[in-house]
Amino acid sequence: MQSMTFVDTHTHCTDEAFPTHEEQDAFVRRALDAGVSKMLLADVDSRERGAMYDAAARHPGTLFPMLGLYPGSVDKGWLDEFDALQAWKGKGAVAIGEIGLDYHYSTEFKEEQKEALRAQFELAAQWDLPVNIHLRDATDDFFRVLDDCRHLHLRGNLHAFSGSIETFRRIRSYGDWSVGIGGVITFKKASLPQTVAQIPLECILLETDAPYMAPTPLRGTRNESANIPLIAAKVAEVKGVDVETVAEVTTRNAKRLFAI
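Residues numbered from 1 in each chain as written. Predicted model: local features only at pLDDT ≥ 70, side-chain atom pairs only at ≥ 80, totals over all residues. Heavy atoms only, no water.

J.: Can you break down the packing of helix H5 (residues 139-148) against helix H6 (residues 165-172) residue by residue, with the values?
T.: Between H5 and H6, the least distance of the axes is 12 Å, while the angle of their chain directions is 10 degrees. Relative to H6, the element H5 lies roughly parallel. Side by side, H5 and H6 meet where Asp-140, Phe-142, Phe-143 and Leu-146 of the first sit next to Thr-167, Arg-170 and Ile-171 of the second. Along the lines of polarity and charge, the residues of the contact of H5 with H6 split into four nonpolar, one polar and two charged. (Axes fitted to C-alpha atoms, helices over the stretch in contact; angles between N-to-C directions. Helix = DSSP H or I, 4+ residues; strand = E, 2+ residues; numbered from the N terminus. Parallel < 35°, antiparallel > 145°, perpendicular 65-115°, else oblique. Contact = heavy atoms within 4.5 Å. Nonpolar A, V, L, I, M, F, W, Y, C, P; charged D, E, K, R; others polar.)

Written out as structure tokens, the structure reads:
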């Protein structure tokens, strides 16, 4: 296992679950010990951005920041948050993310979410960056916005993918898109393994979404990037290949898409 290297394409090591530099640095050390050589830090909003960039500066070549406004952070004042992204232009972001639509808890700001998503799609095209998508209970609206932005020739991934094979095929029709597979694939009652069995390994990225969504047998605990090998092992089982192949291909996929 130590000879393999993995990439966690979506993690939050500066989340409030890891409030100090010491805890964040220990998080990184545990991941490196588990063979996770690179981790992509998902942006949420301006409140956490400084800490995220600070962590990335302490671990160059290991932690890579993304830039974006999480749909759950979108409200009437979203334009101020969007404008704040400009200050970080050219400072090492490898993607615009995590951005998207989330109607699970509320649809109060659904129109603002769609406007913010469209604006960030345009930003990704301007900065020539891939997008990292958070999508929950809003699939049809997401594809409507993506249709409107087809001329931008976007590339990216659907983070925390748990959708159908039809959704995967639909996103692939827009070009260079991958899916991020996390702890859900290990859950006992999940249908995701049946879907992943039909998705080419060349379109799969690994992720934890730490500190959320810990894989079995750690479900319900604080997730960490160090748990990527558990997810990789389940993907290998589902795909009928060895875990070394999953490590090699998914790492290559991540390095290509995010230019890391």
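Read on, since the account is not over.
J.: With reference to specific residues and values, describe the nonpolar core.
T.: Residues Ile-96, Phe-121, Ile-133, Phe-142, Leu-146, Trp-177 and Ile-181 are the most contacted members of the largest nonpolar core, which totals 71 residues. Looking at this core element by element, the count peaks at seven residues for helix H4 (residues 110-127). For Leu-146, the contacting residues outside a window of four places in its chain are Phe-121, Leu-154, Ile-171, Tyr-174 and Trp-177. Of all hydrophobic cores here, the second largest spans 11 residues; its members include Met-66, Ala-95, Ala-254 and Leu-257. (Core = buried A, V, L, I, M, F, W, Y, C linked by side-chain atoms within 4.5 Å. Buried < 20%, exposed > 50% of the residue type's maximum accessible area, 1.4 Å probe, protein only.)

J.: Tell me what's going on with empty space enclosed by the protein, and back it up with residues and numbers.
T.: Going through the model one piece at a time under the given rule, you end up with two cavities of 30 Å³ or more. In this model, the largest cavity occupies a volume close to 60 Å³. Residue lining of the largest cavity: Ala-160, Phe-161, Ser-162, Gly-182, Gly-183, Val-184, Glu-207, Thr-208, Asp-209 and Met-213, and that is the complete set. Partitioning the lining of the largest cavity into residue classes produces four nonpolar, four polar and two charged. A volume near 50 Å³ is recorded for the second largest cavity. Thr-11, His-12, Cys-13, Thr-14, Asp-15, Leu-41, Ala-42, Asp-43, Val-44, Glu-48 and Met-52 together form the lining of the second largest cavity. In terms of residue class, the lining of the second largest cavity is built from five nonpolar, three polar and three charged. (1 Å grid on protein atoms, 1.4 Å probe; cavity = no way out; pocket = protein on both sides within 12 Å on 5 of 7 lines; lining within 4 Å. Points joined across faces, edges and corners; volume = space filled by probe spheres on them.)

Note that every value here comes from positions in space, so none of it alone points to a role or purpose.
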